[in-house]
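Geometric and topological summary
This is what each chain is made of:
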Amino acid sequence: MATTPPRVRFAPSPTGLLHVGNARTALYNWLFARRTGGKFLLRIEDTDLERSEARYEDQLIEDLRWLGLDSDEGPGDGGQPDRGTFGPYRQSERLTVYAEHTERLLREGKAYRCFCTPEELEAERKVAAAGHGSQVYSGRCRALTQAVIEKNLAEGKPFAVRLRIEDRPLRFHDMVRGTVEFAAETVSDPILVRSITGGAGGVSAGVPVYNYVVTVDDALMQISHVIRGDDHISNTPKQVAIYEAFGWPVPEFAHLSTILGADRERLSKRHGATSIATFREMGYLPEALVNYLALLGWGAEDGKTETFTPAELTRAFTLERVTPSPAIFDFDKLNWLNRHYLKLADQGRVAALSWGYFGDRLPAREAAPESVKGWFDRVLALFVPAVDRLDQLPEKTTPIFGFDIETARNDPENAAVLAADSARTVLGELAARVRAHSGNVTPEVFKVWLNEIKAATGVKGQELFHPVRIALTGTHSGREFDKLLPLIEDGAGLNLGIPSVRQRVERFVGV
RNA sequence: GGCGCUAUCGUCUAGGGGUUAGGACGUGAGAUUCUCAAUCUUAAAACCCGGGUUCGAUUCCCGGUAGCGCUACCA
């Protein structure tokens, strides 16, 4: 197995948006494949017809693309043929494959028909539970005589197909946990194919069960390393038994720990954003998310490096260094990484990504004149370092785009600043100068004004600056005036509805 | 209940029979600034409990406890 390149797979169900936990599973698979020169396949587990939807499959593929997790084999999207020669890659298109394999197992005596009804099994479980024994199937249909089987069949009795498991411990190797072993008596003969209620029919009439189809698919697609969530650990012995029944080599496993929320519960919607689509909408960069997810359950060899581009990750990643314990999703650290990558990101790219968050405050980007684009780039240069995510930009840039005077006045901290006599005096002085001035208010002019006001009123420091800041930007804190003013004045000339310094002061102070 | 997995600062983790138990996020303080953010410096902060094994366990073994997962003719 070590001599041939590994083959790994990500096998999601298209029943909803791609969750960060699954995204991490996909990432680790992808990283492992890229690191080892192996193949990364995408397989769609859409056998649950009621919950699977085509639009989720499209979304899934789109999300993976956004994260940069390209697959070497998988279903073709939009009616395209499959990529790769081990298809089809949608389970719904593989039903005959499963049926053929079931027939083989039955023929070889590795599997048998079980005529027990769900009610009977339920009763059996109840008895076992009362006697606090393990709740495993008794195996009473194992030894049905041929005559009984044929009689049942003739009567049209529904049956399920079960795998006959040898009475011995089932163990497998896990690259992150070592050897995992299950005692023989804890694993009962698993159902492979569900019974079909309401009549007979061939074996193929029943719907094969998940544990069975993944195993068949993984084997047929020659998956060498099964990297998946640790909620599958308990399923693994059954799957191992299936591999062995077919005489297939058992792959290497790597079970990834669960991602938890701050309350140590499994991460879900009530913890905030959990789907990749949502993170994208919030203005996280894919490289930040990829870096963060990589760090959630894996650490660099040197124990120190925290920032990795996807390319660096593919060089550094090994399954051996994946940690087995569950990890709590930490939005603060993700934010830190996002700020990090926002600083590194190409300006044009950030501008294109940011544009949409401004709604009708900006014209459509394609239609925007160069002057607006250039000005917007300068706005971003000043404000992007101040945000965790791009969707915070509109809020952060209200000092530029304009603010609501009433809201600004009513803010408790602003109100306290404005209540001082000195504030009134300062703003009066400022208004006088604004009226007397014509043309742009440059940082130089503004500096002179502030010095004059300081000299005339004796007010200085915060008592001078804060009221001025509030009048101009709506808040007492923010970026430096000499950076803000040119942006305001230039923006005011762009027909974006941005008030000039003069307009701001006049409106705020009143005439 | 049964079975399984897991257990180092608040969080993500490094480490591993003898260490000042390392890094990062976050938090506190300081520098800078009119202010905020950023940045830099700095501080506080951890080996779940109990038994072994050993000269010596946070590290190895066993047990407990806790958290999580599975326990379906769901995926």
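Computed from a predicted model, the values in this text were never measured in an experiment. Residue indices follow the written sequence of each chain, beginning from 1 at its first position. Each chain takes a letter, starting from A, and each ligand takes a number, starting from 1, following the order in which they are written. Restriction of local features to residues with pLDDT of at least 70 applies here, the model being predicted, together with a cutoff of 80 or more for giving and counting side-chain atom pairs; totals for whole chains, interfaces and linings are based on all residues. Side-chain figures throughout are based on the complete set of non-hydrogen atoms in the structure, without hydrogens or water.

A few points about the overall build of chain A
Helices and strands together make up the secondary structure of chain A, namely 22 helices and 11 strands. Over its C-alpha atoms chain A spans a radius of gyration of 32 Å, topping by over 25% the 24 Å that the globule rule assigns to 511 residues. Principal-axis analysis of the C-alpha atoms places the extent of chain A at approximately 110 × 50 × 45 Å. The proportion of buried residues among the 511 residues of chain A is 48%. Residue contacts follow a heavy-atom distance rule, with two residues in contact if any of their heavy atoms lie within 4.5 Å. Once local pairs closer than 6 in sequence are excluded, the contacts in chain A between residues at least 24 apart make up 72%. Accessible surface computed for chain A: about 24200 Å², of which carbon and sulfur atoms make up 51%. In this charge count, Lys and Arg are treated as positive and Asp and Glu as negative; neither His nor the chain ends contribute. Where a charge lies is defined by one atom per residue type, namely NZ (Lys), CZ (Arg), CG (Asp) and CD (Glu). The positive charge centre, built from 62 side chains, and the negative charge centre, built from 69, are 2 Å apart in chain A. Secondary structure elements are taken from DSSP: a helix is a run of H or I of four residues or more, a strand is a run of E of two residues or more, and numbering for both begins at the N terminus. In this setup the radius of gyration rests on C-alpha atoms only. A globule is expected at 2.2 Å times the number of residues raised to 0.38. Exposure classes here rest on a 1.4 Å probe applied to the protein chains alone. A residue is buried below 20% of its type maximum, exposed above 50%, and partly exposed in between. To be clear on the numbers: accessible area is Shrake-Rupley with a 1.4 Å probe, and residue cover counts the displayed protein chains and nothing else.

Remarks on the protein's contact with RNA strand B
The environment of RNA strand B is formed by 62 residues, the closest being Ser 13, Arg 177, Arg 194, Ser 195 and Gly 478. Whenever two N or O atoms come within 3.5 Å, that pair is a polar contact, provided that in protein one can donate a hydrogen and the other can accept it, and provided that, for residues adjacent in sequence, both atoms are side-chain atoms. In this structure, Arg 264 approaches RNA strand B through a side-chain N or O atom, which is 2.7 Å from a phosphate oxygen. At the level of elements, helix H4 (118–130), strand S6 (178–182), strand S11 (327–328), helix H11 (331–344) and helix H20 (462–473) are the ones that each hand at least two residues to the surface near RNA strand B. Counting residues per element, the surface near RNA strand B draws most heavily on H11, at 5 residues. Nearness is judged by heavy atoms alone; a residue qualifies as near a molecule or strand once a single heavy atom is within 4 Å of it.

Things to note about the sheet that holds strand S3 (residues 111–114)
At least two bridges found by DSSP between two strands is the condition for calling them paired. An order of S3-S4-S7 is seen for the 3 strands of this open sheet, with the pairing classed as antiparallel. In this open sheet, the two strands that pair with only one neighbour each are S3 and strand S7 (191–193). The mean angle between the axes of side-by-side strands here comes to 45°, regardless of whether they run parallel or antiparallel. The pairing of strand S4 (residues 160–163) with S7 spans 2 bridges and is classified as antiparallel. When the sheet's bridge partners are listed, Val 161 is paired in S7 with Val 193. Working convention: axes come from line fits to C-alpha atoms, limited for helices to the stretch in contact. Angles between N-to-C directions cover 0 to 180 degrees.

Some points on the environment of Ser 92
On the secondary structure map, Ser 92 appears in the loop between helix H2 (54–67) and helix H3 (95–107). Judged by its relative accessible area of 30%, Ser 92 is partly exposed. The spatial distance from the C-alpha of Ser 92 to the C-alpha of Asp 46 is 5.8 Å, given a sequence separation of 46 residues. One polar contact links Ser 92 to Asp 46, side chain to side chain, over a distance of 2.7 Å.

What to know about H20
The buried fraction of H20 is high, at 9 of 12 residues. Those residues of H20 that fall on the buried side of the exposure criterion are Leu 464, His 466, Pro 467, Val 468, Arg 469, Ile 470, Ala 471, Leu 472 and Thr 473. Looking at the buried positions of H20, the neighbouring elements they touch are helix H15 (398–401), helix H17 (412–419), helix H18 (421–436), helix H19 (443–457), helix H21 (481–492) and helix H22 (501–509). In the segment just after H20, Gly 474 is the residue with positive phi, at about 85°.

Structural notes on the nonpolar core
Only buried residues count toward a nonpolar core, which is a set of Ala, Val, Leu, Ile, Met, Phe, Trp, Tyr and Cys residues joined through side-chain atoms within 4.5 Å. The biggest cluster of nonpolar side chains holds 104 residues, and the ones touching the most others in it are Phe 329, Trp 375 and Phe 446. The element best represented in this core is helix H1 (residues 20–36), accounting for 9 residues. Sequence-distant contacts of Phe 446, defined by excluding residues within four places in its chain, comprise Leu 430, Val 441, Val 468, Leu 472, Phe 481 and Leu 485. Counting 37 residues, the second largest nonpolar core, distinct from the first, contains Val 161, Phe 182, Val 226 and Ala 241.

Digging into the packing of H18 against H20
To describe two helices that pack against each other, one gives the angle between their axes and the distance between the axes. Where H18 meets H20, the axes come as close as 9 Å, and the angle between the chain directions of the two elements is 60°. When the axes of H18 and H20 are compared, the pair comes out oblique. At the point where H18 passes H20, the crossing takes the right-handed sense. On the side of H18, the interface is formed by Ser 422, Ala 423, Val 426, Leu 427 and Leu 430, while H20 contributes Glu 463, Leu 464, Pro 467, Val 468 and Ala 471. Classification convention: Asp, Glu, Lys, Arg as charged; Ala, Val, Leu, Ile, Met, Phe, Trp, Tyr, Cys, Pro as nonpolar; all other residues, Gly among them, as polar. A class-by-class count of the residues in the contact of H18 with H20 yields 8 nonpolar, 1 polar and 1 charged. If an angle is under 35 degrees, it is roughly parallel; if it is over 145, roughly antiparallel; if it lies from 65 to 115, roughly perpendicular; otherwise it is oblique. Note on convention: the crossing is left-handed when the near helix lies turned anticlockwise from the far helix by less than a right angle, right-handed when the turn is clockwise.

Quick word on the domain arrangement of chain A
Interfaces are often sized by the accessible area lost when the parts come together. Domain extents, as shown, originate in an automatic or database domain assignment. Segmenting chain A into domains produces domain 1 (7–91 + 259–328), domain 2 (94–256), domain 3 (346–396) and domain 4 (405–509). Each of domain 1 and domain 2 has a C-alpha centre, and these two points are 28 Å apart. Contacts between the two partners involve 22 residues from domain 1, matched on the other side by 24 residues from domain 2. As a working definition, buried area equals the accessible area (1.4 Å probe) given up by two parts on being put together, with both sides summed. In total, domain 1 and domain 2 occlude about 2100 Å² of area from one another, counting both sides; carbon and sulfur atoms represent 57% of this. Interface area lost by domain 1 to domain 2 is led by Arg 7, Arg 9 and Gln 91, which between them contribute 28%. For salt bridges, the criterion is a side-chain nitrogen of Lys or Arg within 4 Å of an Asp or Glu carboxyl oxygen. At the junction of domain 1 and domain 2, the tally comes to 4 salt bridges. The tally of links between domain 1 and domain 2 comes to 10 residue pairs in polar contact (both at pLDDT 80 or more). Listing elements by their share of the side of domain 1 that touches domain 2, those giving two or more residues are strand S1 (7–10) and H1. Counting residues per element, the side of domain 1 that touches domain 2 draws most heavily on H1, at 5 residues.

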